[in-house]
Amino acid sequence: MSVILGISAFYHDSAASLIVDGKIIAAAQEERFTRSKHDSSYPINAINYCLTEAGLLLEQVDYIAFYDKPFLKFERLLETYVAFAPKGLQSFRTAMPVWLREKLFLKDMLIKEIKKVDKNFDNNKLMFGEHHFSHAASAFYASPFEEAVVLTLDGVGEWATTTVAIGKGHELNIVKEIHFPHSLGLLYSAFTYYTGFRVNSGEYKVMGLAPYGEPKYKDLILDKLIDLKEDGSFRLDQSYFNYAIGLTMVNQKFADLFGEPIRKQDTDKLTQFHMDIAASVQAVTEEIVLTMTRSLAQEYNIPNLCMAGGVALNCVANGKILRDKSFKDIWIQPASGDAGGALGGALAVWHKELNNPRVVNPNDAMQGSYLGPSYEQDSIEAELTKCGARFESVSEDEMIEQTAQALADSKAVGWFQDRMEFGPRSLGGRSILGDPRSEKMQKTLNLKVKYRESFRPFAPSVLREDVSEWFEADYDSPYMLLVDDVKKDKRIKMTKEEESLFGIDKLNIKRSSIPAVTHVDYSARIQTVNKETNPKYHALIIKFKEKTECSVVVNTSFNVRGEPIVCSPEDAFKCFMGTELDVLVIGNCVLRKERQDKSLTEDYKHKYKLD
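Residues numbered from 1 in each chain as written. Predicted model: local features only at pLDDT ≥ 70, side-chain atom pairs only at ≥ 80, totals over all residues. Heavy atoms only, no water.

Draft legend 1. Looking closely at the overall build of the protein chain. Each helix and strand counted, the protein chain has 20 helices and 21 strands in total. Against the globule reference of 25 Å for 611 residues, the protein chain gives a C-alpha radius of gyration of 24 Å, in line with a compact fold. Expressed as a percentage of its 611 residues, the buried residues of the protein chain come to 60%. Considering only intrachain contacts with a sequence separation of at least 6, the fraction spanning at least 24 residues in the protein chain is 71%. Working note: accessible area of the protein chain is about 24500 Å², and carbon and sulfur atoms make up 49% of it. Where the 75 positive side-chain charges of the protein chain centre and where its 86 negative ones centre are 4 Å apart. (Helix = DSSP H or I, 4+ residues; strand = E, 2+ residues; numbered from the N terminus. Rg over C-alpha atoms; globule rule 2.2 N^0.38 Å. Buried < 20%, exposed > 50% of the residue type's maximum accessible area, 1.4 Å probe, protein only. Contact = heavy atoms within 4.5 Å. Areas by Shrake-Rupley, 256 points an atom, 1.4 Å probe, with all protein chains shown as cover. Lys, Arg positive; Asp, Glu negative; His and termini not counted. Charge placed at Lys NZ, Arg CZ, Asp CG, Glu CD.)

As structure tokens, this is what we get:
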């Protein structure tokens, strides 16, 4: 038996994974245990969970794989400061103490943490992989393909910001790179910053805001900010940006180009200008990625594409790549961000370093991404009792029946079943569910449950066998990483008056028979639900369909804005009592808000720092 532990840490979204003889056993983000969003600390809780899930001790681990190489990252920082000197002195003074005190000696830090648990740890068992190779490995080795082009896009790793690799069997080799400071991820983050959202967490808000605007500034961006070549490679004009040597993403020249100052999130309202900016950078991103994928498909003549890195979470662009058909099929790692690097690092050691063959799973190796902790019914009941919860324990069939009825009655339901998801999406393990037919559900969930911006869309979970009945799609999308349109016969035609509305005024128009999951451009971020990977969730949607003739439910992550997705029954109960959720279902326990002790009510609206 060969055991490999993967770790990502010390930047954002720390995580751990464990593979045994090449099979993925467990993976989880540290934030889920510490309840601190994007926790970047050494993932001791995630490591302990992975080992417990496998029934192993740390001394039984053969190799520990860290997801990037800190010395190369430090080299990039130094060379960048030298290249831009004397600019960037303040940023240099801010960054260097942390590097000289901690990050430069990261190997020693890791060994020190490991030896707290295993004092006889052999330092030679600790291995370091390059950041983008870890991303590429997480995408290819977990994919259902024997051979694929592998595209990784994010902010920056050590030097690379974009890489192309070719995977075949257990071989994986990077063949092309784009280096810092030229970065599609940082371009998108620059506009995230400019529109007043937080970098490294607000990018998906820009994507959600884009359909409310028009891409009026697309040509300006392509003309002034980025030089895009025919093969999809690009360079950014650094005179408009500040991220390479400053403490902000963009400078005054950037703001002057678009004619508006940087939006302050706490005081400045979102306007049509910001929606048009969001639409523009989204359109540019799609053009760059499509130019790149078309060129790669033509150059390598390989029918499959794998993707990872933060930009691979841009599900609107992903959907367009799929529909473009340059590649016959695509597969995107559900944990595409840095957390997934923990898994990629471990898989890279097993296949690349140890030269072990790869057995391709025709579905993929991620097991639905349900790789986190689960709780037995006895444990659930004990934890709820300790919390002071009032619950009813029923059979599984009755639990499904009551949950489906609550959804049909337009109740907001917290749904906690089996193993927690790995990655940023809730996929029916730790989800908040609702009735997609309700015109009020989107607004209710955003403002009264999630406590987030009203423009944010919700995703549909749909039975895989029924997806083509509701959407212009007939393919697997188990990880909610592809956007497609609502079926034309399910749409409601807008009046001339409604069509003349701009921006956020479009929000309250009923656009389809499932308005709660239909975005303003008739699109939806689809999750297909398969009986084999999540039988309980599939059974719930079947029961909901029996009651309503609708095989779609609203699915959003079980948390409030700024909170990590719930991990334990206690986390779920506290979130239930801190929001206007109506019903909570954990295992076979059913909880109703009106029956709970009002003294246990919490204020979740103000508990977490806004993302």
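Draft legend 2. Structural context of helix α5 (residues 106-115). Where α5 is concerned, the buried positions are Leu106, Leu110, Ile111 and Ile114. Down the axis of α5, the sector holding all buried residues measures 135°, keeping them to one side. Structural note: α5 exposes Asp108 and Lys112 on the side pointing more than 90 degrees away from its buried face. (Arc of directions from axis to C-beta.)

Draft legend 3. Representation of the environment of Lys229 within the structure. When you line up the elements, Lys229 lands in the loop between β9 (226-228) and β10 (234-236). In sequence terms Lys229 and Thr291 are 62 residues apart; their C-alpha atoms lie 8.5 Å from each other. Looking at Lys229, its side chain comes within polar contact range of the side chain of Asp227, at 2.9 Å. (Polar contact = N/O pair within 3.5 Å; in protein donor to acceptor, adjacent residues only side chain to side chain.)

Draft legend 4. Seen up close, the packing of aromatic side chains. Scanning the entire structure with this criterion turns up 23 aromatic pairs. Centroid distance Phe66 to Tyr67: 5.3 Å. Interplanar angle 70°. Geometry classified as edge-to-face. We note that Phe66, like Tyr67, is buried. Three or more aromatic residues joined by ring pairs form one cluster here, namely Phe180, Phe191, Tyr194, Tyr217, Phe241, Tyr243, Phe254, Phe258 and Phe273. Its end group placed over the ring of Tyr522, Arg491 keeps NZ or CZ at 5.0 Å from the ring centre. (Phe/Tyr/Trp six-rings, centres within 6.5 Å; stacked < 30°, edge-to-face > 60°. Lys NZ or Arg CZ within 6 Å of the ring centre and 35° of its normal.)

Draft legend 5. Quick peek at the sheet that holds strand β11 (residues 304-308). Judged by pairing direction, the sheet is mixed, and its five strands sit side by side in the order β8-β7-β6-β11-β12 without closing on themselves. Looking at the sheet topology across the chains shown, the edges are occupied by β8 (171-179) and β12 (329-332). On average, adjacent strands in this sheet sit at an angle of 20° to one another, irrespective of strand direction. Relative to β11, strand β6 (residues 147-153) runs parallel, the two being bridged by four bridges. Bridging across to β11, Val150 finds its partner in Cys306. The sheet strands contacting helix α11 (residues 272-300) are β6, β7 (160-168), β8 and β11, and the helix crosses β6 at an angle near 150°. Contacting β11 and β12, helix α12 (residues 315-324) runs over the sheet at an angle of about 160° to β12. (Pairing = 2+ DSSP bridges. Axes fitted to C-alpha atoms, helices over the stretch in contact; angles between N-to-C directions.)

Draft legend 6. Local environment of the sheet that holds strand β19 (residues 552-557). Pairing is mixed in the open sheet, where nine strands are placed in the order β13-β21-β20-β14-β15-β19-β16-β18-β17. The open sheet has two edge strands with one neighbour each: β13 (392-393) and β17 (482-485). Strand direction decides the pairing type here: β17 and strand β18 (residues 523-529), joined by four bridges, are antiparallel. By the bridge assignment for β18, Asp485 is matched with Ser523. Each of β17 and β18 touches α12; the most contacted strand, β17, lies at about 70° to it. Seen against the sheet, helix α20 (residues 569-578) touches β14 (413-416), β20 (583-586) and β21 (589-592) and runs at an angle of roughly 175° to β20.

Draft legend 7. Spotlight on the environment of Lys125. Its place among the elements puts Lys125 in the loop between α5 and β5 (126-128). Separated by 140 residues in the primary sequence, Lys125 and Gln265 have C-alpha atoms spaced 46 Å apart. Apart from residues no more than four positions distant in its own chain, Lys125 is found in contact with Glu59, Val61, Asp62, Tyr63 and Ile64.

Draft legend 8. Here's a closer look at the nonpolar core. Within the largest apolar cluster, 166 residues are counted, with the highest numbers of intra-cluster contacts made by Phe241, Phe258 and Phe471. Considering every element that reaches this core, the biggest residue donor is α11, with 13 residues. Once residues within four sequence positions are removed from consideration, Phe471 is found in contact with Pro460, Val462, Asp485, Val486, Lys487, Ile514, Ala524, Ile526 and Val552. (Core = buried A, V, L, I, M, F, W, Y, C linked by side-chain atoms within 4.5 Å.)

Draft legend 9. A look at α12. For α12, the full list of buried residues reads Cys315, Ala317, Asn318, Gly319, Ile321 and Leu322. Buried residues along α12 sit against α8 (203-209), α11, β11, β12, β17 and β18. Where α12 ends, the next residue or the one after it, Lys325, has phi of about 65°, a positive value.

Draft legend 10. Broad picture of unusual backbone geometry. The omega angle of the peptide bond from Phe180 to Pro181 is 10°, so this bond is cis rather than trans. Among the secondary structure elements, Pro181 is positioned in the loop between β8 and α7 (184-194). For Asn355, which is not glycine, the phi dihedral falls at a positive 60°. Within the secondary structure, Asn355 sits in the loop between α13 (339-353) and α14 (377-387).

Draft legend 11. Broad picture of the side chain of Glu203. Checked against the element boundaries, Glu203 lands in helix α8. Of the side chains with opposite charge, Lys205 comes closest to the buried, unpaired Glu203, at an N-O distance of 9.3 Å. Within the local environment of Glu203, its side chain forms a polar contact with the side chain of Ser189, the two groups lying 2.7 Å apart. A distance of 3.1 Å separates a polar side-chain atom of Glu203 from the backbone nitrogen of Ser201. Once residues lying within four places of it in the same chain are set aside, the contact partners of Glu203 are Tyr188, Ser189, Thr192 and Arg198. (Salt bridge = Lys/Arg side-chain N within 4 Å of Asp/Glu carboxyl O.)

Draft legend 12. How the structure looks around the pattern of salt bridges. Tallied over the entire structure, the rule returns 28 salt bridges. The salt bridge involving Glu286 is made with Lys320; its shortest N-O contact spans 2.7 Å. Of the two residues, Glu286 sits in helix α11 while Lys320 sits in helix α12, which places them 34 residues apart along the sequence. On the basis of relative accessibility, which here comes to 33%, the residue Lys320 falls in the partly exposed class.

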